[in-house]
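The residues making up each chain are set out below.
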Amino acid sequence: MFWHNFKYTLKIVLRDHALIFWTFAFPLILATFFFLAFSNITSSESLDIINLAVVNNEAWKDDQIFRAALQELSDESSDDQLFNTKYVSRAEAEQLLESDEIAAYLLLEESAQNTQSPASPQIPTIFTSKSNIDSTIVQSVVESIAEQASIITTVLQENPAALKDLAKAEKANIVDQSSSNLDYVMIEYYTLIAMICLYGGIIGMVAVNQLLADMSMSGRRIAISPARKSTLVFAALCASYLIQLVAVALLFLFLIFVLHVDFGTHLPLIILLALIGSLAGLALGVLLATTIKSTANTKVGLILAITMFGCFLAGMMGITMKYLVDTNLPLLNRLNPANLITDGLYSLYYYDTFDRYWGNIITLVIISFVMISISVYSLRKEQYDRL
Amino acid sequence: MTVFKAFLRILARNKWVILMYSAILIIFSVFSLQANESTVTFEAVKPDLCIINHDAEEGITKSLVDYLSANNNIIDLPADDPDAISDALFYRKINYLVEIPADFRDDFLAGRNPAITTRSTGDYNASLAEMNLTRFLDVANQYLATAASSGTQTVDEATLIKNLETTLATEVDVQLTSALDTTSLDRAAFYYNFMNYPLLVGCIYIVATVMLSFRDEKISRRIAMGGVTPEHVNRILLAANALFALALWLSYVLISFVVVGPVMFSLHGLWLILSSFVFTLCATALAFLIANLLRSRNAINGITNVVALGSSFLCGAFVPMTWLPDGVVAAAHILPSYWYISANDLITTLETFTFDSLQPVILHLLVILAFAALFTIIANLLSHRRK
């Protein structure tokens, strides 16, 4: 009886084209979109060489400090190159700025009254079209060059003999302890895994609907047959779990081998998370199938809505959402299966310790167990006055 | 009238879909457009930074904290919760973490150049924060070097701080050459670019649902028997669908006045409205084409999502086009959404509205109209062949 029902559940589910589209094809399509749209984000956020122009006037030619400093920062052979500098006339600089070819241009002007600063009597002004990060960096660099002039002035005033000691000054001692796994786009792919695990609930629901007397004709026939209902339900659930795992595995293979998504190095733990995440999805589907008395369409709509809302809270439409909920309403995300799956994968990718991962796994197991218990309870000894 | 009533009834049955996607547009616009002060003077970008200070906040340590606080947005995080700090970095709540060691002040003044530990997100803002930190430490070290050479045994901290702060107060004037209120215009562009998604979903979903309902075998037989000609029914359906698309467009435009704000009353706003109108025509034509291609109502949901999400991801409705990989942008040229979104981006960077400056925008709008014509022709050919 078990194998018979197992086989027919597989057939029923696999012939439902819409269901197969949503659980097999849609996540792959979405992953491809994510990949195409997001693959450049992280690199476009890291500091790039900024296009800059300098007005090549007399004041500029006279200023040793600025010329030397900018030449060093624009050196193409250096790893620290920050600017790609053009030396042009004022009119050309304005033209370049207007056509967005440069972030800003620098103009040095002889100052009439600024005589206290013998090292650099020129006053720099930056012209830009936008208040953005590029122009802020230009400002910051030009200020730090101007500071050198200020330092020399101050030292000359207070202790001219110490001028030679400036060269002996230590460099800033900054120890960078940044993690290398900081690519937040990964969260998008993780929510995709969460989504497909929970979408699997629809498969479980379709399978269970076949056995419910109020949902289908076959359910009515089964209800009056002498077959053991528990065997039938168990067979249907095993078959849908199997299909679900195939869908999850397919997505994982696609993400890892085609899109090269980084899941960290703990493969067995990732597989365990996928197994338990899928179980939670299945439990959700069965819970809604057995406790909600409504049409099949409403039930599917409900699973989709719960899954998408869960994924939204887990950061699928913007990772800021996950952080906001994690910090302000932690309980909501601690009970949200989509977030538990996402967070589990995140903790394997970003954290060195496993406490957080196991916390997510245990919560998922408890939630699944509770949902399955409620389903079993409501499935037992069902009676219908009329159908 | 009967046909139109039937159209309204189908629309009413699917109102939740339209409301849901409209809500997404509003939520995302409000969420990601959190009011930045709109200004026409230069505003330096301030990175989000967290300081963990293990030293007493006195002397040079206090100077450092003050300097970082003035040039960054300080975010307070619980210093004793390493997970909270790690999460804040990963989800970009902060760009940079600065950890000042105990005894920083004493070690620094003794010339031991103590290390500052940092963690960064590696993006533009983090680079800027690191520049700020380096600037402070370099200048401080230079004054320390000259102070140490002045012969006295102990460094005069007060003078050092005074000189340091004078130097760091060096300001370079930044002038904005453009009078454009870029902040408000960016908001407008974001809203109108994002509109690509709900507009496509709304048009395709509703038009396809209505057309397929009328193509139902029983219904089309009944229409064939009735007094009105099928052409008449088609004309009314066409008008009803167009009316719906325009109503949807009009409500999104009205919402934009609330969400985006006063900039919508400018010429920029007017052109954005015009460009979205042209795109609405194209979306309706595309919806007709898709409705003609579809055979089963089960497929509507899937195709709607794939087309709308695909166009939105690949053409820069969700992620700015400049962040997309070049190959994706090149491929996106075959989609009308690309021309709509780049028209919007062109409009919001226009400084003057002359025939010359508007030419590229008009060209883009003409391409969208050409797409609309193409879709209509193919849809008509298909529907003729079916008859």
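Numbering of residues starts from 1 in each chain and follows the order in which that chain's sequence is written. Going through the entries in the order they are written, you letter the chains from A and number the ligands from 1. Totals for whole chains, interfaces and linings use all residues, but because this is a predicted model, local features are given only for residues with pLDDT of at least 70 and pairs of side-chain atoms are given and counted only at 80 or more. Computation of side-chain values: all heavy atoms of the structure, hydrogens and water removed.

1. A few points about the interface of chain B and chain A
Then, number 1: The partner chain A presents 80 residues to the 79 residues of chain B that form the contact.
Then, number 2: Summing both sides of the interface, chain B and chain A together bury roughly 7,000 Å²; the carbon and sulfur share of this comes to 64%.
Then, number 3: Computed with a 1.4 Å rolling probe, the buried area is the accessible surface lost when two parts are put together, summed over both parts. Interface area lost by chain B to chain A is led by Phe 90, Tyr 91 and Tyr 124 of chain B, which between them contribute 13%.
Then, number 4: Whenever a carboxyl oxygen of Asp or Glu lies within 4 Å of a side-chain nitrogen of Lys or Arg, that contact is scored as a salt bridge. On inspection of chain B and its partner chain A, the count reaches three salt bridges.
Then, number 5: The residue Arg 356 of chain A makes a salt bridge to Asp 87 of chain B at a minimum N-O spacing of 2.9 Å.
Then, number 6: Two N or O atoms count as a polar contact when they lie within 3.5 Å, although within protein this holds only if one can serve as hydrogen donor and the other as acceptor, and sequence-adjacent residues are included solely when both atoms are side-chain atoms. Our count for the chain B to chain A interface comes out at 27 residue pairs in polar contact (both at pLDDT 80 or more).
Then, number 7: In this description a helix means any DSSP run of H or I spanning at least four residues, a strand means any run of E spanning at least two, and both kinds are numbered starting from the N terminus. Every element with two or more residues in the side of chain B that touches chain A is listed here: helix H2 (15-32), helix H4 (82-90), strand S4 (116-120), helix H6 (124-148), helix H7 (157-168), strand S5 (173-176) and helix H13 (298-315) of chain B.
Then, number 8: In terms of residue count, the dominant contributor to the side of chain B that touches chain A is H6 of chain B (17 residues).
Then, number 9: A strand pair is defined by DSSP finding two or more bridges across the two strands. By the bridge criterion, three bridges tie strand S5 (residues 174-176) of chain A to S4 of chain B in an arrangement that is parallel. Residue pairing for S4 of chain B: Ile 174 of chain A is matched across the bridge by Ile 116 of chain B. Contact definition: two residues touch when any of their heavy atoms are within 4.5 Å.

2. Comments concerning the packing of aromatic side chains
Residue and element names in this part refer to chain A.
Then, number 1: Whether two aromatic rings pair depends on their centres lying within 6.5 Å, for rings of Phe, Tyr and Trp, where Trp uses its six-membered ring; planes under 30 degrees apart make the pair stacked, over 60 edge-to-face, and the rest tilted. Taken as a whole, this structure holds 42 aromatic pairs over all chains when the rule is applied.
Then, number 2: Ring centres 4.7 Å apart and planes at 65° place the aromatic pair Trp 22 and Phe 26 in the edge-to-face group. Placement of both Trp 22 and Phe 26 in helix H2 (residues 17-38) is noted, with a separation of four residues, approximately one turn of the helix.
Then, number 3: Partly exposed residues are those whose accessible area sits between 20% and 50% of the maximum for their type, while under 20% is buried and over 50% is exposed, using a 1.4 Å probe and protein chains only. Using a relative accessible area of 14% as the deciding quantity, one classes Trp 22 as buried.
Then, number 4: For the pair Tyr 350 and Tyr 351, a centre-to-centre distance of 5.6 Å together with 80° between the ring planes defines the contact as edge-to-face.

3. Remarks on the pairing of strand S3 (residues 96-100) of chain B
Residue and element names in this part refer to chain B.
Then, number 1: With four of five residues buried, S3 is to be regarded as a mostly interior element.
Then, number 2: Pairing of strand S1 (residues 48-53) with S3 involves five bridges; the strand directions are parallel. Paired with Leu 49 across the strands is Tyr 96, a residue of S3.
Then, number 3: Two strands pair when backbone bridges link them, and S3 and S4 are joined in this way by four bridges, in the antiparallel orientation. Bridging across to S4, Tyr 96 finds its partner in Ser 120.

4. Things to note about the domain arrangement of chain A
Then, number 1: Boundary definitions for the domains trace back to an automatic or database domain assignment. Looking at the assigned domains, one finds that chain A contains domain 1 (2-41 + 181-379) and domain 2 (47-168).
Then, number 2: For domain 1 of chain A and domain 2 of chain A, the distance between their C-alpha centres works out to 57 Å.

5. A closer look at the confidence of the model for chain A
Then, number 1: Scored by pLDDT, chain A comes out at a mean of 87, with 97% of its residues at no less than 70.
Then, number 2: A score from 0 to 100, pLDDT tells how confident the predictor is in each residue. Within chain A, the lowest mean pLDDT, 76, falls on helix H3 (residues 41-45) of chain A, and the highest, 94, falls on helix H15 (residues 337-350) of chain A.

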